[in-house]
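Summary of the model geometry
Below, each chain spelled out in residue letters.
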Amino acid sequence: MEATNAQLDAAAVGDLVLLDPLTEESLLQTLQERFRRSHIYTYIGDVVISVNPYRPLPIYTPEKVQEYRNCNFFAVTPHIYAIADDAYRSLRDRDRDQCILITGESGAGKTEASKLVMSYVAAVCSKGEEVDKVKEQLLQSNPVLEAFGNAKTVRNDNSSRFGKYMDVEFDFKGEPLGGVISNYLLEKSRIVRHVKGERNFHIFYQLLAGGSVQLLQQLKLRQDCRHYGYLNRESSGLPGVDDAANFRAMQDAMRVIGFSPAEVTALLEVTAVVLKLGNVQLSSSHRASGMEACSIAEPQELQEICDLIGLDPGTLERALCSRTVKARDETVLTTLSVPQGYYGRDALAKNIYSRLFDWLVNRINTSIQVKPGKQRKVMGVLDIYGFEIFQDNGFEQFIINYCNEKLQQIFILMTLKEQQEEYVREGIRWTPVEFFDNSIICDLIENSKCGVLAMLDEECLRPGVVNEDTFLAKLDQLFAGHKHYESKETQSARRVMDASLPPRCFRIHHYAGKVTYNVTGFIEKNNDLLFRDLSQAMWAARHALLRSLFPEGDPQKNPNYIRCIKPNETKAAMLFTPELVLAQVRYLGLMENVRVRRAGYAFRQLYGPFLERYKMLSPRTWPRWAGSERQGAEVLLAELAFPPEELAFGHTKIFICSPCTLFDLERRRQERVAELATLIQKIFRGWRCRTRYQLMRKSQIIISAWFRGHMQKNKYKRLKRSALTLQAYARGWQSRRLLRELKLQSRRRAAAATIAAYWRGYQVRRTYRRYFRSEASTRLANFIYRQLVQKFLLGLGRNLPPLSVMDRTWPPAPYKFLADANQELRSIFYRWKCKRYREQLTPQRRALLRAKLCASELFKDKKTLYSKSLQEPFRGEYLGLTQNPKYQKLHAVAKDKLVMADTVRKVNRASGKTVPRLLLLTTEHLVLADPKAAQPKTVLSLSDIHSVSVTRFSDGFLALHLKETSTGGAKGDFLLISDHLIELVTRLHQTLMDATAQALSLHITDQFSTRFQKGNVAVTVVESAKAGSDVPVCKKRGSHKMEVLVH
Ligand SMILES: Nc1ncnc2c1ncn2[C@@H]1O[C@H](COP(=O)(O)OP(=O)(O)OP(=O)(O)O)[C@@H](O)[C@H]1O
Ligand SMILES: [Mg+2]
């Protein structure tokens, strides 16, 4: 409603296309009236004209953002938000990259407009932690770039001194992903020089005003601006601008973007270095050679700079005051004059700053750049510095104005020229609208063969004397007849007297006015060379950031135009100077713009995309059109019944005259899309519910099938178990009954059989009683006995015990009546085993066993020594008579009759002490010999031996009693101790038996009497611990008593 009112308000129409009558005055009046009413935005079709109000207006509130969100461009009051919204939606919904071109003079409000566009887009796109961070980073790049790239000029307190093109990148949902900033043409000269009333870049003032005492100390700076040469040694605070607050805001912004504290410090250090370079003073000195030279006047500042960047002051001083020149292969060091020195110093400062600025932009880009691989759509915002005309315009202004000229050309091309050409191309009836085409000016400047820039490059490269005058002369010669070029030379050629055009200047008639450029400095600035020495000196600095500074627009995008107009020259709020605005209206070509717009068509599109976009509006074209695209569009529009004058059908494109029609078309489309979306939603939801239902049903059937199955299985199991139980009971019952029956039957049968047996027995006995014999029972009994005995004997024969003599096992008798016979058989069997054993013995073995047997008879259970001797075999020969030659004589004595040869101990009859003796027993003699001499000492005939006495104990003591008649034993009985006593006595016994058929008389006793030569001695055997284990000890007790201690 408001929009319609605005459009119908004849005095201040919102869209200049509706202006009636269309004259320069009416257009100006409309702008003025709207400006008075604070309506600073006006449309020409889809181009927005913005007049700078120079005061804050309450039209950028969040409510306003909501109002313009998803609005229709032509349905709301003109606003920069409307164009921003249109561009954003076109990007998001139509997938078209956008660029927003903002033009206007310096101070017309371009930078503000670009920020408004950005903030609007940031406000309307979706929210989220990540997205908000990206948005914040993109927005916060402005304060940082403005601090370093903006400055106060005569025209604008916050004039952009660089061109900026910012690409904001979005994903398919329209959420910002990041961006890229490109910067152009920083006005470097401002670093070292600016006119009175202007300022250097904001950052210097901000740093001095806002930096803490500590920071300034660290950077070796003083707070007072008047101290610094590059700040013109004047205190230049700006009314209404708080540099200190801006410095803090800039620092916050850097933090948000992601600068590390170290990076911020490094940045400020380099800034401080630039500022301090301006204070490096040079003084002239003369060399001995008479050559002029310069030197550092006051080393303090230089020292501080070098401290900051970590460089040897000598290196910097040398670089500032001298220069190496390469001549052929030699390098020569030449001194510099004072002006040359200052020139070098300023060049260094400019260069450092411009590289620092490039680094800053790159650093911001690193933070906001989008990760590769994401598909993105782009919205570019171009904000360059505006067209400028100064009293004295240098190289910078020339470049700036060329830029603006180029932008104007693009505008003209897109909005005026191309549109009209397109109408003709498409065969639409069209009366051409006249307009000024600035291509001729652009060509004058940029022509690659003979443009001003090409000439400048050529002059810079040309050998020989090169200066600005030769360059100007060349231009004069080339453009003598050019309509848009003037200089003193060409004027005088045309005989024009013009005092406003001084010498060494040329003038170009730009689209926005005539600008006189002074050629001084053109060559040098185009070269823009930094002395190599200075560059190398900087590279030698240890300061990392400083070191790194010294390493040695898309036509596919849909353009949106914002044309800024400056209402007055004094930055005064709400002051509208018609002449100034009229001039801008003229050079911006707004009148032509309106005319083309009025006569032309607001919208054009290829039939294909048009049909694709709107085909849903007619049932004939929806969902598919079979014919040609043009026919489709015709059918579609005929169906929609738009007035025929609204439409024009070109060869390839459809043209729609008024935006209202397009708006209507778009509205219908939106409604239809909503309907279709509902339809799709409906069908999709139906389908989803159906599939879900079918799935559920299928699941339900499966579940119930499984459940029923499970139930039935359980039921079946229960039934089966019951049936089995019943069956078991029934069968059990049946079986028990049967069993009872069978038992009864068997008892009956048994009873019957018993009865029958008795009966038969009785009958048989009765029948056969007379035939029975009286001894039948005895016979039967014998028969049975025989059977049993036979079985027993046969069984015994089969299971005879082992034949070993030691084995006394024998099976027990199976029946009691066989016990005696079994015992008998056992002893027979044993004797038989012994006989067999004996028969297989050798004669030696038999003799040995016999001797053993004899020993047993003599000693068993009588002398303790016997049990010990059982294990020892009777070897007989213990001396080795045959082998040992020493015993040769003894051997001769014994000859073949030797029974036993052994060593014995003979007890001295007087003292009881013992001496060793050899004892030989032959079949006839008993010989005692001295072991040393090995000769018989005593030879006793066996018949001399009367008896032998031994003890009960386990000793080897024996008394050999001789007959009183014997000849051999003159000294009387012998008391001997033998290690083989048992064997000795046994063999003696046997030999005696063989020789005399008389048994040896053996006494085993504890007390006996011996007969010695000196009389009888009573020997008493005493058990004592003093004796050795085997060897008895004989003690004489008086002359007739002797004690034998045994163990
Ligand atoms: N929409 C606006 N509302 C209020 N004030 C505005 C608006 N646009 C611009 N201004 C004022 O005008 C001043 C200059 O605007 P801006 O810096 O955008 O100009 P510019 O066209 O970028 O100039 P330059 O080419 O020198 O950079 C701003 O500092 C601000 O005070
Ligand atoms: Mg600006």
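Read on for a plain summary of the structure. (Residues numbered from 1 in each chain as written. Chains lettered and ligands numbered in written order. Predicted model: local features only at pLDDT ≥ 70, side-chain atom pairs only at ≥ 80, totals over all residues. Heavy atoms only, no water.)

Notes on the nonpolar core
Which entries qualify depends on this criterion: Only buried Ala, Val, Leu, Ile, Met, Phe, Trp, Tyr and Cys residues count toward a nonpolar core, and they belong to the same one when joined by side-chain atoms within 4.5 Å. With a 1.4 Å probe rolled over the protein chains alone, any residue whose accessible area is under 20% of its type maximum counts as buried; one over 50% counts as exposed, and the rest are partly exposed. Helix and strand definitions follow DSSP, with helices as H or I runs of at least four residues and strands as E runs of at least two, each counted in order from the N terminus.
In terms of nonpolar packing, the biggest core is built from 161 residues, with Phe 148, Leu 360, Phe 506 and Ile 562 touching the most fellow members. Ranked by residues supplied to this core, first place goes to helix H14 (residues 338-368) with 12 residues.

Examining the packing of aromatic side chains
Which entries qualify depends on this criterion: Aromatic contacts are taken between Phe, Tyr and Trp rings whose centres are within 6.5 Å, Trp giving its six-membered ring; a plane angle under 30 degrees counts as stacked, one over 60 as edge-to-face, and the others as tilted. Note on geometry: a ring has a charge over it if NZ (lysine) or CZ (arginine) is within 6 Å of the ring centre and within 35 degrees of the ring normal.
According to the stated counting rule, one finds 34 aromatic pairs in the structure shown. The interplanar angle of 15 degrees and the centroid separation of 5.8 Å between the aromatic rings of Tyr 815 and Phe 817 together place this pair among those described as stacked. A relative accessible area of 34% places Tyr 815 in the partly exposed class. One aromatic cluster is present, built from ring pairs that chain together Phe 395, Phe 398, Phe 471, Phe 479, Tyr 485, Phe 506, Tyr 517 and Phe 522. We note Arg 808 situated over the ring of Tyr 830; from NZ or CZ to the ring centre the distance is 4.0 Å.

Regarding a positive patch on the surface
The following threshold applies: For patch detection, residues must exceed 30% relative accessible area and be free of salt bridges, and they are connected within 9 Å for like charges or within 5 Å for nonpolar side chains (Val, Leu, Ile, Met, Phe, Trp, Tyr). All accessibility values rest on the Shrake-Rupley procedure with a 1.4 Å probe; residue burial counts only the protein chains present in the view. Here, a salt bridge means any Lys or Arg side-chain nitrogen found within 4 Å of an Asp or Glu carboxyl oxygen. For the purpose of counting charges, residues Lys and Arg are taken to be positive, whereas Asp and Glu are taken to be negative. His and the chain ends are not included. Just so you know, the charge point we use is NZ for Lys, CZ for Arg, CG for Asp and CD for Glu.
A cluster of like positive charges, contributed by Lys 713, Lys 715, Lys 717, Arg 718 and Arg 721, occupies part of the molecular surface. If you trace the backbone, Arg 721 turns up in helix H27 (residues 659-768). The class for Arg 721 is exposed, based on a relative accessible area of 54%.

Some details on the pattern of salt bridges
Tallied over the entire structure, the rule returns 52 salt bridges. In this structure, the salt-bridge partner of Asp 85 is Arg 89, at a minimum N-O distance of 2.9 Å. With Asp 85 and Arg 89 both in helix H4 (residues 80-93) and 4 residues apart, the pair spans about one turn of that helix. Here Asp 85 falls in the buried class, since its relative accessible area comes to 1%. Accessibility expressed as a relative area gives 14% for Arg 89, which makes it buried. Of the charged contacts, one joins Lys 571 and Asp 157 as a salt bridge, the two residues approaching to 2.8 Å between their closest N and O atoms. One salt-bridge network, held together by shared partners, links Arg 161, Glu 187, Arg 190, Glu 198 and Glu 388.

A few points about the site of ligand 1
To keep things clear, this is the line we draw: Near residues are defined by distance, with any heavy atom within 4 Å of the molecule or strand qualifying the residue. Identification of polar contacts relies on pairs of N or O atoms within 3.5 Å, with a donor-acceptor requirement for protein atoms, meaning one able to donate a hydrogen and the other able to accept it, and with residues adjacent in sequence counted only if both atoms are side-chain atoms.
The environment of ligand 1 is formed by 19 residues, the closest being Ser 106, Lys 110, Thr 111, Ser 159 and Ser 160. Within the backbone of Glu 112, an N or O atom sits 2.9 Å from an oxygen atom of ligand 1. Burial of ligand 1 by the protein amounts to 87% of the accessible area it has alone, namely 620 Å². Listing elements by their share of the shell around ligand 1, those giving two or more residues are helix H5 (110-124) and strand E5 (159-160).

Everything listed here is a matter of coordinates, which is why it stays silent on function.
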